[in-house]
Amino acid sequence: MQSHILKDESETLDFSKKIAALISKSELSAFEFHLQGDLGTGKTTLVRGVLRALGWSGSVKSPTYTICEEYEFDDLLILHIDLYRTENDEDVDMLMLNRDYDGKKLIFIEWSEKIKKQRNFSLMIKLKHHENSRKIEISGDTILLNKLKG
């Protein structure tokens, strides 16, 4: 497990760039990131930063009310999911997260702890309020963790 202190939004966006670089350099075709943390800890900011670093120039909305926002560009399919307002796995099943895609497929799930069925993830990112900053703890695939550290 890794942990980092992110002092402000700009450091969160800088960290997002590291995740985007990890994705870009990898030969893997699918990633799933589970994001956990209280309201206001920066989950959506982190995803927005990854999207921007990968080249998305349009708006990036929080999927709190829509449950899922999809972005498709440059051989990337990005599914940004927010389960804050859902209570059952049928809502997750309707999103067809396991669908095939010819390019790279990235799934970001905010409030992933609400999923009752076990899903494999590439990285689990837990964000916490820490004094006047944020602390993130990252666990998951050891190879990805080592590349993220380097």
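What you are looking at is a predicted structure, and each value in this text was computed from that prediction instead of being measured.

Rules used in this analysis
- Residues numbered from 1 in each chain as written.
- Predicted model: local features only at pLDDT ≥ 70, side-chain atom pairs only at ≥ 80, totals over all residues.
- Heavy atoms only, no water.
- Helix = DSSP H or I, 4+ residues; strand = E, 2+ residues; numbered from the N terminus.
- Phe/Tyr/Trp six-rings, centres within 6.5 Å; stacked < 30°, edge-to-face > 60°.
- Lys NZ or Arg CZ within 6 Å of the ring centre and 35° of its normal.
- Pairing = 2+ DSSP bridges.
- Buried < 20%, exposed > 50% of the residue type's maximum accessible area, 1.4 Å probe, protein only.
- Contact = heavy atoms within 4.5 Å.
- Lys, Arg positive; Asp, Glu negative; His and termini not counted.
- Salt bridge = Lys/Arg side-chain N within 4 Å of Asp/Glu carboxyl O.
- Polar contact = N/O pair within 3.5 Å; in protein donor to acceptor, adjacent residues only side chain to side chain.

Draft legend 1. Quick peek at the environment of Leu-51. Tracing the backbone shows Leu-51 in helix α2 (residues 43-54). With 83 residues separating them along the chain, Leu-51 and Arg-134 place their C-alpha atoms 20 Å apart.

Draft legend 2. Local environment of the packing of aromatic side chains. For the structure on display, the rule yields 5 aromatic pairs. Ring plane angle 10 degrees and centroid distance 4.8 Å describe the contact between Phe-33 and Phe-108, whose orientation is recorded as stacked. Here the residue Phe-33 occupies a position in strand β2 (residues 30-37), and Phe-108 occupies one in strand β5 (residues 104-110), the gap between them amounting to 75 residues. Here Trp-56 and Phe-73 contribute two aromatic rings whose centre-to-centre distance is 5.2 Å and whose plane-to-plane angle is 45 degrees, an arrangement assigned as tilted. Placement of the pair is Trp-56 in the loop between α2 and β3 (68-73) and Phe-73 in strand β3, with a sequence separation of 17 residues. Linked through ring pairs, Phe-31, Phe-33 and Phe-108 together constitute an aromatic cluster. Here the guanidinium or amino end of Lys-114 rests over the ring plane of Tyr-84, the centre of that ring lying 5.9 Å away.

Draft legend 3. Representation of the pairing of β3. The pairing of β3 with strand β4 (residues 76-82) spans 6 bridges and is antiparallel. Within the sheet, the bridge partner assigned to Tyr-71 lies in β4 and is Ile-78. Remark: 2 residues form the turn of the hairpin made by β3 and β4, two consecutive strands paired antiparallel; Asp-74 in that turn has positive phi of roughly 45 degrees.

Draft legend 4. Spotlight on the pairing of β5. Most of β5 sits inside the fold, with 7 of its 7 residues counted as buried. The alternating pattern of β5 places Lys-104, Leu-106, Phe-108 and Glu-110 on one face and Lys-105, Ile-107 and Ile-109 on the opposite face, and all of these are buried. Pairing geometry for β2 and β5, over 6 bridges, is parallel. Looking at the pairing, Phe-31 lines up with Leu-106 of β5. Note: β4 against β5, 7 bridges, orientation parallel. Opposite Leu-76, over in β5, you have Lys-104 as the bridge partner.

Draft legend 5. Just the environment of Pro-63, in detail. The topology assignment puts Pro-63 in the loop between α2 and β3. Excluding residues within four positions of it along the chain, Pro-63 makes contact with Cys-68, Glu-69, His-80, Ile-81 and Asp-82.

Draft legend 6. The side chain of Asp-82, seen in detail. With respect to the helices and strands, the residue Asp-82 is situated in strand β4. One buried charged residue, Asp-82, forms no salt bridge at all, with the nearest opposite charge on Lys-43 at 6.9 Å. Only 2.8 Å separates the side chain of Asp-82 from the backbone nitrogen of Tyr-84, close enough to count as a polar contact. Sequence-distant contacts of Asp-82, that is, excluding residues within four places in its chain, are made with Ser-62, Pro-63, Thr-64, Ile-67, Glu-110 and Trp-111.

Just distances and angles here, no functional claims.
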